[in-house]
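# Architecture at a glance
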Amino acid sequence: MKFFIDTASLAEIREAAALGLLDGVTTNPTLLSKEEGDPREILLEITKIVPGPVSAEVIALDTDGMVREGLELRRIADNIVVKIPMTLEGLKAIRRLSDESVPTNCTLIFSAPQALMAAKAGATYASPFVGRLDDIAADGMRLIEQAVAIYRNYQLPTQVLVASVRHPEHVMQAALMSAHVVTMPAAVIRQLASHPLTDRGLEQFLADWEKVKNR
Ligand code: E4P
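The notes below deal with the structure included here. Owing to the predicted nature of the structure, the values given are computational and were not obtained by experimental measurement. The residue numbers shown here count from 1 along each chain, following its written sequence. Local features are withheld for residues below a pLDDT of 70 in this predicted model, meaning they are given only at 70 or higher, and side-chain atom pairs are given and counted only at 80 or more; totals for whole chains, interfaces and linings count all residues. By convention in this description, side-chain values take in all heavy atoms of the structure and omit both hydrogens and water.

The full set of residues close to the ligand is Asp6, Thr26, Asn28, Lys83, Phe129, Arg132, Ala163, Ser164 and Arg166. For the purposes of these results, a polar contact is taken to be a pair of N or O atoms within 3.5 Å, where, inside protein, one atom must be able to donate a hydrogen and its partner to accept one; residues adjacent in sequence count only when each atom of the pair is a side-chain atom. Here lysine 83 contributes a side-chain N or O atom positioned 2.6 Å from an oxygen atom of the ligand. Note on areas: Shrake-Rupley with a 1.4 Å probe; residue coverage comes only from the protein chains shown. For the ligand, the accessible surface in isolation is 350 Å², of which the surrounding protein chains cover 84%. Put simply, the ligand lies in the largest pocket. Near residues are defined by distance, with any heavy atom within 4 Å of the molecule or strand qualifying the residue. Any residue with an atom within 4 Å of a point lines the site, the site being either a cavity, points on a 1 Å grid over the protein atoms alone where a 1.4 Å probe fits but cannot get out, or a pocket, an open set with protein on both sides within 12 Å along at least 5 of 7 lines. For this analysis, a molecule is said to be in a pocket or cavity if more than half of its atoms are within 2 Å of the grid points defining it.

Of all hydrophobic cores here, the largest spans 61 residues; its most connected members are Ile5, Ile84, Ile144, Val160, Val162, Val165 and Met184. In this description, contact between two residues means that some pair of their heavy atoms is separated by no more than 4.5 Å. Leave out the neighbours within four places in its chain, and methionine 184 touches Phe3, Phe4, Ile5, Asp6, Val165, Val171, Ile189 and Leu192. Phe4, Val81, Phe129 and Val181 belong to the second-largest nonpolar core, a separate cluster that totals 7 residues. Only buried residues count toward a nonpolar core, which is a set of Ala, Val, Leu, Ile, Met, Phe, Trp, Tyr and Cys residues joined through side-chain atoms within 4.5 Å. Residue exposure (1.4 Å probe, protein chains only): buried if accessible area is under 20% of the type maximum, exposed if over 50%, otherwise partly exposed.

What follows covers the layout of surface pockets. Grid points are joined across faces, edges and corners, and a volume is the space filled by probe spheres set on the points. Quantified by volume, the largest pocket comes out at close to 250 Å³. Residue lining of the largest pocket: 18 residues in total, with Asp6, Asn28, Phe129, Arg132 and Ser164 positioned closest to the centre. Among the residues forming the lining of the largest pocket, the class breakdown is 6 nonpolar, 7 polar and 5 charged. Taken as a whole, the second largest pocket spans an internal volume of roughly 200 Å³. Along the wall of the second largest pocket there are 13 residues; nearest its centre are Leu43, Glu57, Ile59, Glu69 and Leu73. Gly falls in the polar group here, along with every residue not listed as nonpolar (Ala, Val, Leu, Ile, Met, Phe, Trp, Tyr, Cys, Pro) or charged (Asp, Glu, Lys, Arg). The class makeup of the residues in the lining of the second largest pocket is 8 nonpolar, 1 polar and 4 charged.

This is the structure in structure tokens:
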């Protein structure tokens, strides 16, 4: 399973990249709005830090506008993936971009039929938002299970990109369900590596070593 980071913060991306297990980055307009500076410059910098796919979202709501913006975003760097919202206009844009071999990420997916349509339109990635579904008392991870099964049933090449991840349990469930990619905030990447028993064990080892080190 690939690990993407869900942020536009260069500091967070550098820190995650230094771990040596970062496969890509997802951004969105909200994440870019939190950072200082020109969004295109930030995206360019991100593509230099991470050689893997970097999702950058279009703002237009009509197909022609989305395609135009998508092609402009692609001029930033070869590893830009054009992120398109899950709408009827968006599906048409995904089809057109995919026919031109432009990689796309269909975002804001909240149901299995939407995931199926994104794949049929030719999206490279489909992004179900699990945390936002959990927030409204729906079952986000059930949608991941369904999307993975549907794509497998019909050998659809679209990759399930688990988005809106809130905690390590989302990541572990995604791995057990054979999701292709998980994108997560920096805090969740840190949480994945931590366990209170690891901390306690290390503390104990160091304390015991104090007793013997001068022998
Ligand atoms: C995915 O690509 C989105 O950027 C992201 O995961 C949205 O998550 P949120 O619900 O935490 O905003």
